[in-house]
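# Architecture at a glance
Residues per chain are reported as follows:
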Amino acid sequence: MSSLPFLPQEIIRVKRDGGVLTAEQLRQFVAGVCDGSISEGQIGAFNMAVFLKGMEVEERVAFTLAMRDSGVVCDWSDSGINPSTIIDKHSTGGVGDEKASLIIVPLVAACGIHMPMISARGLGHTGGEIDLLEAIDGYDVAPPLEKFMDVVRKIGCALIGPTPRLAPADAAIFKVRDVTATVESVPLITGSVMAKKLASGIRGLVMTVNFGRGAFMPSLQHAQELAGSMLGVAEGAGVPTVILLGHMEDVMGDAIGSRPQLREVAAFLAGERRESRLQEIVVRLAAEVLVLGGIASTLDEARRLVQQKLDDGSAAAKFSALVAELGGPPDLLQRIDSIFPALPVVRPVPSPHSGYVQAVDAGRVGWAMVGLGAGRRTPGQKIDHDVGLSGMVHIGDRVERGSPLCTLQARDENSFRIAADAIMGAISLGPGEVPASPVFAARMATGAAQEISL
């Protein structure tokens, strides 16, 4: 008796009607995404069905493993690397959050970790690490697998995007999510993140799941749901994982946009300017990585080592080595202002009156930057790496009338005006002092019976 032909619409129908897909059905669908037999329209329909009906834990594990196995999986057994030090880091995203990875990756490598990070471009109102790296002339975000692994062996880290050999199915599904209102789907986020991480052959993972107006998860409850989903897949794959739940009401750090954030990374690594919330997230996540990788036995010990490597220039040196190894200018940190061109309109957005910053609608700020050109509205759209903002005020800051809420980098006056109006509308000022927005709400981990409040 011959088997029935594979029909992607049948898989879509099963999920549309709330059914449970088998591991084989999910493998067939992912295979069709890779060989082109499934169209973008069918991917979009599948994404929407999953968004509306969800997936059981077994489906999420099978979906993730199918995407992982859509390409090769890095094998470090003959690399000479201590396996326990192969740890990765991830964030589910937030406005201005992507720059943290560009600091943490070389930082933990300077401490003895080996971090093979496969990341992604931006989604919706948030950016992505790969957008920032593509703004560096010559940087290869999709090198051959052998080059990727060689860079990790040589300097302790590499940061790239999905390639035709590493989790290729994710790239096709990922770009359709961005424009079909399915970005927030817990199963799709879980599969996308974990497939890339498992494809890199890691032995442990530290991540942030963010919530608030600047993230995709609107509330702590939603973030806990996503974190639980991630931990369920991590348990199924045998990868020890630590997740910190992060507040994302405020913009992370001082800049948004590719090259504005790269300037912020350069200033952070040089010790010239370290915004307090960005400093906290960098040090805490790096410390968690060091403990998970066996470099330090306690978080306090790990924090001390992390701060040492930041202050003595070791992290900056690793960043420069990473950029050079993947084709970028080796002196980027030293010449960043001369390498990146200036824009026609670079001007502060003045505060309409004096007061304390009571709230920042980070989501509205993020969408304003998408409108400016720093993000995408359609799949494959090129972003403008030069536009964005810097010097952003934060919750709790005191501002005077006429002082800058931020500085915008725009192509023309009309773009500046539209973005400036959106930013002024996103920032609430009042007479009373308010505390700065917290960074973390809770910590969760594989093997833990319950979340541990911070």
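Read on for a plain summary of the structure. (Residues numbered from 1 in each chain as written. Predicted model: local features only at pLDDT ≥ 70, side-chain atom pairs only at ≥ 80, totals over all residues. Heavy atoms only, no water.)

## Things to note about unusual backbone geometry
Notably, Ala167 is not glycine yet its phi reads approximately 45°, a positive angle. Relative to the helices and strands, Ala167 is located in the loop between β3 (157-160) and α8 (168-177). Taking the relative accessible area as the measure of exposure, Ala167 reaches 0% and is therefore buried. Residue Ala181 is not a glycine yet carries a positive backbone phi of 60°. Along the chain, Ala181 falls in the loop between α8 and α9 (186-199). Ala181 sits in the exposed class, given a relative accessible area of 55%. (Helix = DSSP H or I, 4+ residues; strand = E, 2+ residues; numbered from the N terminus. Buried < 20%, exposed > 50% of the residue type's maximum accessible area, 1.4 Å probe, protein only.)

## Overview of the sheet that holds strand β9 (residues 398-399)
Sheet architecture is open: 3 strands sit in the order β9-β7-β11, paired in antiparallel fashion. Pairing within the sheet leaves two strands with one partner each, and these edge strands are β9 and β11 (427-430). Pairing geometry for strand β7 (residues 355-360) and β9, over 2 bridges, is antiparallel. Looking at the pairing, Gly355 lines up with Val399 of β9. Running over the sheet, helix α17 (residues 413-426) touches β7 and β11 and is turned about 50° from β11. (Pairing = 2+ DSSP bridges. Contact = heavy atoms within 4.5 Å. Axes fitted to C-alpha atoms, helices over the stretch in contact; angles between N-to-C directions.)

## Digging into the side chain of Asn47
Along the chain, Asn47 turns up in helix α3 (residues 40-53). Beyond its immediate chain neighbours, meaning those up to four positions away, Asn47 contacts Ile173, Val176, Arg177, Thr180, Thr182 and Leu188.

## Let's talk about the state of the cysteines
Inspection of every chain in the model, using the stated rule, returns 0 disulfides. Residue Cys74 stays outside any disulfide, its sulfur separated by 14 Å from that of Cys157, the closest cysteine. Of the cysteine sulfurs around Cys157, a residue in no disulfide, the closest is that of Cys111, at 11 Å. Using a relative accessible area of 0% as the deciding quantity, one classes Cys157 as buried. (Disulfide = S-S within 2.5 Å.)

## Overview of empty space enclosed by the protein
What the rule picks out here adds up to 2 cavities of 30 Å³ or more. Looking at the largest cavity, its volume works out to about 270 Å³. Looking at the largest cavity, it is lined by 23 residues, and the ones nearest its centre are His90, Ser91, Thr92, Gly93 and Phe174. Breaking the lining of the largest cavity down by element, the ones donating at least two residues are β1 (87-91), α8 and α9. For the lining of the largest cavity, the leading source of residues is α9, giving 4 residues. Taken together, the residues of the lining of the largest cavity sort by class into 6 nonpolar, 11 polar and 6 charged. The space that makes up the second largest cavity amounts to roughly 180 Å³. Glu98, Thr126, Gly127, Ala374 and Gly375 are, among the 24 residues lining the second largest cavity, the residues nearest its centre. Looking at the lining of the second largest cavity, the elements that each hand over two or more residues are α6 (129-134), α11 (258-270) and α16 (362-374). (1 Å grid on protein atoms, 1.4 Å probe; cavity = no way out; pocket = protein on both sides within 12 Å on 5 of 7 lines; lining within 4 Å. Points joined across faces, edges and corners; volume = space filled by probe spheres on them. Nonpolar A, V, L, I, M, F, W, Y, C, P; charged D, E, K, R; others polar.)

## Considerations on the environment of Asp312
For Asp312, the location among the structural elements is in the loop between α13 (299-311) and α14 (314-325). Given the relative accessible area of 44%, Asp312 is considered partly exposed. In this structure the C-alpha to C-alpha distance between Asp312 and Val360, which are 48 residues apart in sequence, comes to 34 Å. One polar contact links Asp312 to Ser314, side chain to side chain, over a distance of 2.7 Å. (Polar contact = N/O pair within 3.5 Å; in protein donor to acceptor, adjacent residues only side chain to side chain.)

Honestly, it's all geometry; don't read function into it.
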